[in-house]
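Chain by chain, the residues run as shown.
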Amino acid sequence: VQLQASGGGLVQAGGSVRLSCATSGRTFSPYAMGWFRQAPGKEREFVARIMWASGATMYEDSVKGRFTISRDTAENTAGLQMSTLKPDDTAVYYCAASRRPLQYGSNSPRSYEYWGQGTLVTVSS
């Protein structure tokens with residue numbers, strides 16, 4: 001299984017951008033998909049998660065009300081709509097997927113066995 005993240009770029013503070021994550025095959029049915037980000041010099045951190053069957057979502061506190069995670073079960077894609085962006089949101093964003101229950105919790109990278117290559121989002125002030 002391969003994940004392909006896209007949609008990053010340069011955006012001004014207060015602006016919006018949408019990230020997409022495509023999976024390699026229509027037969028792939030994850031248990032959950034998530035988005036993480038890694039800023040320069042910092043550890044990878046959780047952003048959001050969506051359960052594939054129910055659509056239940058979870059967000060890191062700093063993005064609540066600004067970011068929305070979604071999934072398209074027909075196309076096997078996930079999205080991250082990011083609004084009211086701040087310079088602190090600047091990072092490489094990674095999509096991730098798990099076929100099994102999230103053993104270490106939704107916000108742990110260890111729970112996800114498949115990762116995309118990352119897409120850079122730069123928010124200018």
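Within every chain, residues take consecutive numbers counted from 1 along the sequence as written. pLDDT decides what is reported in this predicted model: residues at 70 or higher carry local features, side-chain atom pairs at 80 or more are listed and counted, and totals for whole chains, interfaces and linings draw on all residues regardless. Values shown for side chains rest on all heavy atoms present in the structure; no hydrogens or waters enter the calculation.

A few points about the overall build of the chain
Line of reasoning, step 1. Per the convention used, a helix needs a DSSP run of H or I reaching at least four residues, while a strand needs a run of E reaching at least two, with both numbered from the N terminus. Helix and strand counts for the chain stand at zero helices and 11 strands.
Line of reasoning, step 2. When the elements of the chain are put in sequence order from the N terminus, they spell out β-β-β-β-β-β-β-β-β-β-β.
Line of reasoning, step 3. Taken over C-alpha atoms, the radius of gyration comes to 13 Å for the chain, in line with the 14 Å a tight globule of 125 residues would show.
Line of reasoning, step 4. Dimensions of the chain, computed from C-alpha atoms along their principal axes, come out at roughly 40 × 25 × 25 Å.
Line of reasoning, step 5. Counting only residues that meet the buried cut, the chain has 43% of its 125 residues in that class.
Line of reasoning, step 6. For the chain, the separation between the mean place of its 13 positive charges and that of its 9 negative charges on side chains is 4 Å. As defined in this context, the radius of gyration uses C-alpha atoms, and a globule is described by 2.2 Å times the residue total to the power 0.38. Burial here depends on accessible area, computed with a 1.4 Å probe over protein chains only, as a share of the maximum for the residue type. Under 20% is buried, over 50% is exposed, and the range in between is partly exposed. His is not counted here, nor are the chain ends, while Lys and Arg score as positive and Asp and Glu score as negative. The atom standing in for a charge is NZ when the residue is Lys, CZ when it is Arg, CG when it is Asp and CD when it is Glu.

Examining the side chain of arginine 49
Line of reasoning, step 1. Of note, arginine 49 is situated in strand 5 (residues 45-51).
Line of reasoning, step 2. Look at arginine 49: it is buried, it has no salt bridge, and the nearest opposite charge is aspartate 61 at 12 Å. Salt bridge, as used here, is a side-chain nitrogen of Lys or Arg placed within 4 Å of a carboxyl oxygen of Asp or Glu.

Looking at the sheet that holds strand 7 (residues 67-72)
Line of reasoning, step 1. Strand pairing is defined by DSSP finding a minimum of two bridges between the two strands. Spatial ordering of the open sheet is given by 1-3-8-7, a layout of four strands whose pairing is antiparallel. Two strands lie at the open edges of the sheet, namely strand 1 (3-6) and strand 7, each paired on one side alone. Neighbour-to-neighbour, the strand axes of this sheet turn through a mean angle of 15°, independent of strand direction.
Line of reasoning, step 2. Across six bridges, the pairing between strand 3 (residues 17-23) and strand 8 (residues 77-82) is antiparallel. What counts as an axis is a line fitted to C-alpha atoms, over the stretch in contact for a helix, and the angles between N-to-C directions run from 0 to 180 degrees.

Structural notes on the environment of threonine 122
Line of reasoning, step 1. Take threonine 122: it is sitting in strand 11 (residues 119-124).
Line of reasoning, step 2. On a C-alpha basis, the gap between threonine 122 and tyrosine 94 in space is 14 Å, while along the polypeptide they are 28 residues apart.
Line of reasoning, step 3. Any two residues whose heavy atoms approach within 4.5 Å at even a single point are treated as in contact. Setting aside its immediate chain neighbours within four residues, threonine 122 contacts Gly9, Leu10, Val11 and Thr90.

Concerning the state of the cysteines
Line of reasoning, step 1. When two cysteine sulfur atoms lie within 2.5 Å, the pair is treated as a disulfide. Within this structure, the stated rule accounts for one disulfide.
Line of reasoning, step 2. Note on cysteine connectivity: cysteine 21 is disulfide-linked to cysteine 95, with sulfurs 2.1 Å apart. Taking the torsion about the S-S bond as the criterion, the cysteine 21 to cysteine 95 disulfide, at about 60°, is right-handed. With cysteine 21 in strand 3 and cysteine 95 in strand 9 (residues 91-98), this residue pair connects regions lying 74 residues apart in the sequence.
Line of reasoning, step 3. Taking relative accessible area as the criterion, cysteine 21 reaches 1% and is therefore assigned buried.

Concerning the nonpolar core
Line of reasoning, step 1. Side-chain atoms within 4.5 Å link the members of a nonpolar core, which is a set of buried Ala, Val, Leu, Ile, Met, Phe, Trp, Tyr and Cys residues. Counting 29 residues, the largest nonpolar core has Met33, Trp35, Val47, Phe67, Leu80, Met82 and Tyr93 as the members making the most contacts within it.
Line of reasoning, step 2. Of all elements in the fold, only strand 1, strand 3, strand 4 (32-38), strand 5, strand 7, strand 8, strand 9 and strand 11 reach the threshold of two or more residues within this core.
Line of reasoning, step 3. The element best represented in this core is strand 9, accounting for four residues.
Line of reasoning, step 4. Counting seven residues, the second largest nonpolar core, distinct from the first, contains Phe36, Met51, Ala96 and Leu102.

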